[in-house]
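In case you want the letters, here they are:
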Amino acid sequence: MATMALAACDPAEFDPDPDVRRDARANRKCVVSVKEQTGDAASRLNTTLPIVEINQYIIDAPTLQERWMCRTDDEGNPTQLYKLGG
């Protein structure tokens, strides 16, 4: 059972670099937050739109054809979530 739990994690969450671990944790938590908010189980991190600000992530909800912005604190916990566009 423990092996299955580890397999579901992003390997970056075990990286020696704390910034890489924080980003991986923030990505995972932001995706979960968007899934909970929208009900779109297909929600995923957008990897095509560049973001230069730290602690901000764009999450796609493809079933709903929506994009969401997720802001996090320095620990990777979501602090603000809002839908982009109109």
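Quantities reported herein were computed from a predicted structural model and do not represent experimental measurements.

Engineer: Help me get a handle on the state of the cysteines, residues and values and all.
Structural biologist: Here the structure, examined in full by the defined rule, presents one disulfide. Here cysteine 30 is linked by a disulfide to cysteine 70, with a sulfur-sulfur distance of 2.0 Å. Taking the torsion about the S-S bond as the criterion, the cysteine 30 to cysteine 70 disulfide, at about -70 degrees, is left-handed. Here the residue cysteine 30 occupies a position in helix α2 (residues 18-38), and cysteine 70 occupies one in strand β3 (residues 66-72), the gap between them amounting to 40 residues. In this structure cysteine 30 comes out as buried when scored by relative accessible area, which is 0%.

Engineer: Go over the pattern of salt bridges, please, and point to the residues and values.
Structural biologist: Counted under the stated rule, the structure contains four salt bridges. Here arginine 22 ties to aspartate 19 by a salt bridge, and the two come within 3.2 Å at their closest N and O atoms. Here arginine 22 and its partner aspartate 19 are both found in helix α2, three residues apart, which amounts to about one turn of the helix. Taking the relative accessible area as the measure of exposure, arginine 22 reaches 16% and is therefore buried. Overall, aspartate 19 belongs to the partly exposed group, its relative accessible area being 42%.

Engineer: Got a sec to walk through the nonpolar core? Specific residues and values, please.
Structural biologist: Core analysis: the largest hydrophobic core is formed by nine residues, namely Ala26, Cys30, Val31, Val34, Tyr57, Ile59, Ala61, Trp68 and Cys70. Counting only elements with at least two residues in this core, the list comes to α2, β2 (56-61) and β3. If you tally residues by element for this core, the top one is α2, at four residues. Every residue in contact with tyrosine 57, bar those within four places of it in the chain, is listed here: Asp23, Ala26, Asn27, Cys30, Leu45, Ile51, Trp68, Met69, Cys70 and Thr72.

Engineer: Give a description of the sheet that holds strand β4 (residues 78-83) that names residues and reports values.
Structural biologist: The strands making up a sheet are joined through hydrogen bonds of the backbone, oriented either antiparallel or parallel. Taking strand neighbours across the sheet as the criterion, the four strands line up as β1-β2-β3-β4 in an open arrangement whose pairing is antiparallel. In this open sheet, the two edge strands, each paired with only one partner strand, are β1 (44-45) and β4. Here five bridges tie β3 to β4, and the two strands are oriented antiparallel to one another. Among the inter-strand pairings, cysteine 70 is bridged to a residue of β4, identified as leucine 81.

Engineer: How would you explain the pairing of β3 if you had to name every residue and give the values?
Structural biologist: Examined bridge by bridge, β2 and β3 share six bridges and lie antiparallel to one another. When the sheet's bridge partners are listed, alanine 61 is paired in β3 with glutamate 66. The loop that links β3 with its antiparallel partner β4 comprises five residues; one of these, glycine 76, has a positive phi angle of about 95 degrees.

Engineer: I'd love a proper account of the layout of surface pockets, names of residues and values included.
Structural biologist: What the largest pocket holds in volume is close to 170 Å³. Lining the largest pocket are 16 residues, and of these Leu49, Ile51, Glu53, Gln56 and Tyr57 lie nearest its centre. Where the lining of the largest pocket is concerned, the elements lending two or more residues are α2 and β2. Examining the composition of the lining of the largest pocket, we find that three residues originate from one element, β2, more than from any other. Split into classes, the residues belonging to the lining of the largest pocket amount to eight nonpolar, five polar and three charged.

Criteria and thresholds
Along each chain, numbering runs from 1 in the same order as the chain's sequence is written. pLDDT decides what is reported in this predicted model: residues at 70 or higher carry local features, side-chain atom pairs at 80 or more are listed and counted, and totals for whole chains, interfaces and linings draw on all residues regardless. The basis for the side-chain values is all heavy atoms of the structure; hydrogens and waters are excluded. When two cysteine sulfur atoms are found within 2.5 Å, that pair is recorded as a disulfide. Counting from the N terminus, the helices are DSSP H or I runs at least four residues long and the strands are E runs at least two residues long. Using a 1.4 Å probe on the protein chains alone, a residue whose accessible area is under 20% of its type maximum counts as buried, one over 50% counts as exposed, and one in between counts as partly exposed. Definition used for salt bridges: Asp or Glu carboxyl oxygen within 4 Å of a side-chain nitrogen of Lys or Arg. To define a nonpolar core, start from buried Ala, Val, Leu, Ile, Met, Phe, Trp, Tyr and Cys residues and group those joined through side-chain atoms within 4.5 Å. For this analysis, residues touch if any pair of their heavy atoms sits within 4.5 Å. For two strands to count as paired, DSSP must find a minimum of two bridges between them. We place a 1 Å grid over just the protein atoms. Points where a 1.4 Å probe fits but has no way out form a cavity, open points with protein on both sides within 12 Å along at least 5 of 7 lines form a pocket, and any residue with an atom within 4 Å of a point lines it. Grid points are joined across faces, edges and corners, and a volume is the space filled by probe spheres set on the points. Under the scheme applied here, ten amino acids are nonpolar (Ala, Val, Leu, Ile, Met, Phe, Trp, Tyr, Cys and Pro), four are charged (Asp, Glu, Lys and Arg), and all others, including Gly, are polar.

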